[in-house]
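Residue strings, one per chain:
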Amino acid sequence: MTSLWLDRGQTFSSDTFKTGTSYDTVVAGAGLTGLVAALLLARSGQRVLVLEARYPGAVTTGNTTAKVTLLQGTVLSALAKQYPKKQVHAYVEANREGQAWLLRYLDEHGVPYQRRDAYTYAASAQGTAALRDEQAAASAAGLDVEYLRETGLPFPVHGALRLADQAQINPMDVLDTLVADVRERGGTIVSGVRLRDVTGSHPLTVQTDQGDVTANQVVLATGTPVLDRGLYFAKLKPNRSYAAAMELPEGQTPPPGMYISVEQPTHSLRDYERDGRRLLLVGGHGHPVGRATSEKAHLTGLLDWAAEHYPGAVPTHTWSAQDYQATNLMPFFGKLPRGRGHVYFGTGYNKWGMTNGVAAALGIASDILGGQLPWADTIHHRVTSPASAFSAVALNAGVAAKLATGWGHLAADGRTKAAGTAPAPTRPLADGEGLVYRDGVHPVAVSTVGGTTCRLSAVCTHLGGILHWNDSEKSWDCPLHGSRFSNEGKLLEGPATKDLPPAGAAGTTGAGAAGAGSDAV
């Protein structure tokens, strides 16, 4: 499953990683947040190193639907139920500044993007109440949203909100430009190097799988923080959602705007022109990571919905992405606790990272360089409401239950048989099949992909969750905090920092045996 954005026949050329080198700031993660932060710091004269475990855009940024909009489904009305108007307004101002910075940057560098009206629509009569709530929250926060019935969609709706003159992008065009800009300003960007830990005080020692460097500051732009101090993995809900690019038959065209439904499963639409063709991009049908009976069924459901409304549409690309929603719904960014004021992070963008991610980078750079952003100060001083506190308790009660029962039930959520009834497979697995079984006291993850069978520890290297086979992406996904591994055990994303060991390897039987970053700072 390769996204439309990543299917381009280009490979990233890494700078050389030199151990023992000192930097002003090391940024972990070469997505939108990491590269914008790196650029802002390099512009100020800092010596900056960007560490990317895979390649720029490999995770969320390269798999987004890439809408740059301040109308974000029903986000504002959800925030308004938990926060006073001042906090909701600060969220809008953060996104407004993130959007303005990004589009101004693209204009300055000649990077194409498209202006589109953004719509949030209700496909049912029940959904119109959510639209009215969102309209009230958006208007109170200073957005000029309009309630209407005509949307340009090929199916009837019961109502919609429109915010004019928003934008959509190709995210890899943006990252390519940022990479070149960071390098032109003296920054170093290396791929294939994973941050493992940060220790010391001043300077910090940045430990990677390729050796150590030192820095005065570290920025974690890794989707979810890969250091466990602050316990942000317990304050985030990891979710996967699906997307497809579709070629429409003669006589059909994509709708004129960018759209998202208020109902579940979510349906998102936009267009993109490639090689002279206007493709339809659809997205949605998400679920918590590692907790779907079949990920393939979620993707199929999305494609079936698209085919119903666009008969004859042919998928050219299908893919999925992972996003993190804060239990209190407000993104986190700034100084990481127990980092002695020198470790910064951004997370919890809840699928709206094209604006939130840039805003987080602006806030982080301002903190490091001694600036002040009023909206950032307001967001930093939010107070957790009873509703968000309950959400965090409920989330972690579920995680605790999975930790407690994971050894007795081989998968995440009670869907599978008890351990005693899941012996080692007695037949060869079909290609694309994976399952977890118990070998004595050890959970084993076995899969066959491309004719190659791999047997790995089924215990996540973050905090010991029992892994789940993702039948769409042929990966091992952790239902606790969203770490994901390839069928061969290579770490793909999430808070874990180490690969899965082979089944039976020493030191792999305990929860968190291979652990995430320590709390040494």
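Residues numbered from 1 in each chain as written. Predicted model: local features only at pLDDT ≥ 70, side-chain atom pairs only at ≥ 80, totals over all residues. Heavy atoms only, no water.

**Quick look at the pattern of salt bridges**
Two side chains carrying opposite charge are able to pair once their charged atoms lie near each other.
Stage number 1. Summed over the entire model, instances satisfying the criterion amount to 17 salt bridges.
Stage number 2. Two residues, Arg-484 and Asp-477, come together in a salt bridge whose shortest N-O distance is 3.1 Å.
Stage number 3. Among the ionic pairs, Lys-490 bridges to Asp-499, the shortest N-O distance being 3.7 Å.
Stage number 4. Connected through salt bridges with shared partners, the residues Arg-240, Glu-473, Asp-477, Arg-484 and Glu-493 form a single ionic network. (Salt bridge = Lys/Arg side-chain N within 4 Å of Asp/Glu carboxyl O.)

**Comments concerning the sheet that holds strand β19 (residues 442-449)**
Stage number 1. Sheet architecture is open: three strands sit in the order β18-β19-β20, paired in antiparallel fashion. Each of the sheet's edge strands pairs with one partner strand only, and the pair in question is β18 (433-439) and β20 (452-457). On average, adjacent strands in this sheet sit at an angle of 20° to one another, irrespective of strand direction.
Stage number 2. Sheet topology places β18 next to β19; seven bridges connect them, and they run antiparallel. Residue pairing across strands places Asp-439 opposite His-442, the latter belonging to β19. (Pairing = 2+ DSSP bridges. Helix = DSSP H or I, 4+ residues; strand = E, 2+ residues; numbered from the N terminus. Axes fitted to C-alpha atoms, helices over the stretch in contact; angles between N-to-C directions.)

**Observations regarding the pairing of strand β12 (residues 258-261)**
Stage number 1. Alternating residues of β12 divide into Met-258 and Ile-260 and Tyr-259 and Ser-261, and every residue in both groups is buried.
Stage number 2. Hairpin remark: β12 followed by strand β13 (residues 267-274), antiparallel, with five residues in the connecting loop. (Buried < 20%, exposed > 50% of the residue type's maximum accessible area, 1.4 Å probe, protein only.)

**Details of the environment of Arg-291**
Stage number 1. Position of Arg-291 among the secondary structure elements: in the loop between β14 (277-288) and α6 (295-309).
Stage number 2. Overall, Arg-291 belongs to the partly exposed group, its relative accessible area being 24%.
Stage number 3. Put simply, Arg-291 and Asn-239 are 52 residues apart on the chain and 9.5 Å apart in space, counted from C-alpha to C-alpha.

**Remarks on helix α3 (residues 85-109)**
Stage number 1. Compared with the 36 Å implied by 1.5 Å per residue over 25 residues, the 36 Å span of α3 between its first and last C-alpha is a close match.
Stage number 2. Positive phi shows up at Gly-110, right after α3, with a value of about 65°. (Expected span 1.5 Å × (residues − 1).)

**Structural notes on the nonpolar core**
Stage number 1. Counting residues in hydrophobic clusters, the biggest one holds 84 residues, and the most contacted among them are Leu-76, Leu-79, Trp-101, Leu-106, Ile-169, Leu-178 and Trp-375.
Stage number 2. With 10 residues, the top contributor of residues to this core is α3.
Stage number 3. Not counting chain neighbours up to four residues away, the residues in contact with Trp-101 comprise Val-36, Leu-39, Leu-40, Arg-43, Leu-178, Val-358 and Leu-362.
Stage number 4. If you look at the next biggest cluster of nonpolar residues, it comprises 26 residues, including Leu-51, Tyr-324, Val-343 and Phe-345. (Core = buried A, V, L, I, M, F, W, Y, C linked by side-chain atoms within 4.5 Å. Contact = heavy atoms within 4.5 Å.)

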